[in-house]
Amino acid sequence: MTAARKTLLAATLCLLAFSTAGHAQTASQETANAPFTPMLGQEGKDVIWVPTPQELVDLMLDMAELKPDDTLVDLGSGDGRTVISAAQRGIRAHGIEYNPDMVALSNSAARTAGVADRVSFKQADIFESDFSSASVVTLFLLPNLNVKLRPTLLAMKPGTRVISNAFTMGDWEPDEVGETSKNCASYCKAYKWVIPANVQGTWTLNNGTLTLNQTYQKLDGTLNDGKTEHEVQEGRVLGTQVTFRANNQNYSATLNGGTLQGFLNGTTPFIATRAGTQR
Ligand SMILES: C[S@@+](CC[C@H](N)C(=O)[O-])C[C@H]1O[C@@H](n2cnc3c(N)ncnc32)[C@H](O)[C@@H]1O
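Keep in mind the model is a prediction, meaning the values are calculated, not measured. The numbering scheme is per chain: residues are counted from 1 as the chain's sequence reads. Residue-level local features of this predicted model are given only where pLDDT is at least 70; pairs of side-chain atoms are given and counted only at 80 or more, and the full residue set underlies all totals for whole chains, interfaces and linings. The side-chain values count all of the structure's non-hydrogen atoms but skip hydrogen atoms and water molecules.

1. Some points on the overall build of the chain
Item 1. Strands here are runs of E lasting at least two residues and helices are runs of H or I lasting at least four, both read from the DSSP assignment and numbered beginning at the N terminus. Across its full length, the chain carries 5 helices and 15 strands.
Item 2. Only protein chains enter the accessibility calculation, which uses a 1.4 Å probe; a residue whose area is less than 20% of its type maximum is buried, one above 50% is exposed, and one in between is partly exposed. Considering the chain as a whole, with its 279 residues, one finds that 45% of them fall into the buried category.
Item 3. Taking the intrachain contacts of the chain between residues at least 6 apart in sequence as the baseline, contacts between residues at least 24 apart amount to 53%.
Item 4. Computed with a 1.4 Å probe, the accessible areas rest on the Shrake-Rupley method; for each residue, only the protein chains presented here act as cover. In the form shown here, the chain has an accessible surface area of approximately 13,800 Å², with 50% of it arising from carbon and sulfur atoms. Whether two residues are in contact is decided by their heavy atoms, any of which lying within 4.5 Å being enough.

2. A word on the side chain of Q217
Item 1. If you trace the backbone, Q217 turns up in the loop between β9 (208–215) and β10 (218–224).
Item 2. The residues touching Q217, leaving out its near neighbours within four places in the chain, are W172, E173, P174, D175, P196, G235, R236 and V237.

3. Description of the site of the ligand
Item 1. Around the ligand sit 20 residues in total, of which D46, T52, D74, G76 and E97 are the nearest.
Item 2. Two N or O atoms form a polar contact when they lie within 3.5 Å of each other; inside protein one atom must be a possible hydrogen donor and the other a possible acceptor, and for residues adjacent in sequence the pair counts only when both atoms belong to side chains. G76 places a main-chain nitrogen or oxygen 2.6 Å from a nitrogen atom of the ligand.
Item 3. In this structure, a nitrogen atom belonging to the ligand sits 3.1 Å away from a main-chain N or O atom of Y98.
Item 4. Coverage of the ligand by the protein chains reaches 99% of its 600 Å² of free accessible surface.
Item 5. Tallied by class, the residues present in the shell around the ligand amount to 9 nonpolar, 5 polar and 6 charged. To be near a molecule or strand, a residue needs just one of its heavy atoms within 4 Å of it. Three classes are used: nonpolar for Ala, Val, Leu, Ile, Met, Phe, Trp, Tyr, Cys and Pro, charged for Asp, Glu, Lys and Arg, and polar for all others, with Gly counted as polar.

4. Digging into the sheet that holds strand β3 (residues 119–123)
Item 1. Read across the open sheet, the 7 strands follow the order β3-β2-β1-β4-β5-β7-β6; overall the sheet is mixed. The sheet is open, and its two edges are formed by β3 and β6 (176–179), each paired on a single side. Each adjacent strand pair in this sheet contributes to an overall mean axis angle of 20 degrees, direction not counted.
Item 2. Bridge count between strand β1 (residues 71–75) and strand β2 (residues 92–97): 5 bridges; the pairing is parallel. Each residue of the ladder has a partner; that of L75, found in β2, is I96. Two strands make a pair as long as DSSP finds a minimum of two bridges between them. All axes here are fitted lines through C-alpha atoms, helices being fitted over the stretch that makes contact, and every angle between N-to-C directions spans 0 to 180 degrees.

5. Quick look at the pattern of salt bridges
Two side chains of opposite charge can pair, provided their charged atoms sit close to one another.
Item 1. Throughout this description, the term salt bridge denotes a Lys or Arg side-chain nitrogen within 4 Å of a carboxyl oxygen of Asp or Glu. One pass over the structure, following the stated rule, counts 10 salt bridges.
Item 2. Between E65 and K192 there is a salt bridge; the shortest N-O distance is 2.9 Å. With E65 in the loop between α2 (54–63) and β1 and K192 in strand β7 (residues 189–194), this residue pair connects regions lying 127 residues apart in the sequence.
Item 3. For K192, a relative accessible area of 4% translates into the label buried.
Item 4. When the shortest N-O distance is used, the salt bridge between R161 and D70 registers 2.5 Å. Note that R161 is positioned in strand β5 (residues 161–165) and D70 in the loop between α2 and β1, a separation of 91 residues in sequence. Residue R161 shares its accessibility class with D70, and that shared class is buried.
Item 5. Each member of the salt-bridge network shares a partner with another, and the members are K45, D46 and D125.

See the structure below:
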């Protein structure tokens, strides 16, 4: 058992001690006349079930900065609470969950909450599912599973928000960290990443050449103005927004197709075109 799995299990047992004293039933004990009752710590395919505390669900949805046209997917959706909470904020939301009993429970909870028309749940393996059309991804898995999902997440549309309960993404640093202490005993921290556009490469400006090296959302490189080569500093990509400093000047731009269009020091317009692209 990995250290992360042990941590998850230990916290689960803690939660169990004070919240499930009366839970005698497990999935395997389900009978036709007794409704399924989920059990904290029950086996999932790649990770056990521990629900995100509602306060953290709410914080994660705040961090997602939901817009009316967003579609959220929760990877390993458990009892459906994140999906249902997102739908209660007016957006469409989808859960992918391996355990069919949890899927049935989620559908029933969505009907009770009056949001069944905006949600869907699918019994499936997240690693064999296509969720590329989502604009917000939430997850509460394990560090190694997050890292396994990382290439799929990075291939999603720039600007997609990824919010993880408790676990990070290896060497891909989060863009934001949030924490709640309200009614939250464990798993009270969430991490957010905004899928960065790919701006790696050489760009042609009116009066020079910009070379960007990209590692996730971080940029370095050089700006050559024909006379001097200046270091690119504090370079960041947030979705399609690109910011950096060079030669003591602040550059901010938006990627639009093959063009970076923006302002120097907030006032002077500039356009950069990918080298090799027709203007
Ligand atoms: C820690 S729980 C989180 C549940 C829910 N997202 C929440 O935050 O309350 C992880 C969930 O992922 C499910 N799961 C584990 N491996 C999975 C896989 N490969 N595909 C789909 N679901 C999976 C488990 O059954 C469990 O319900």
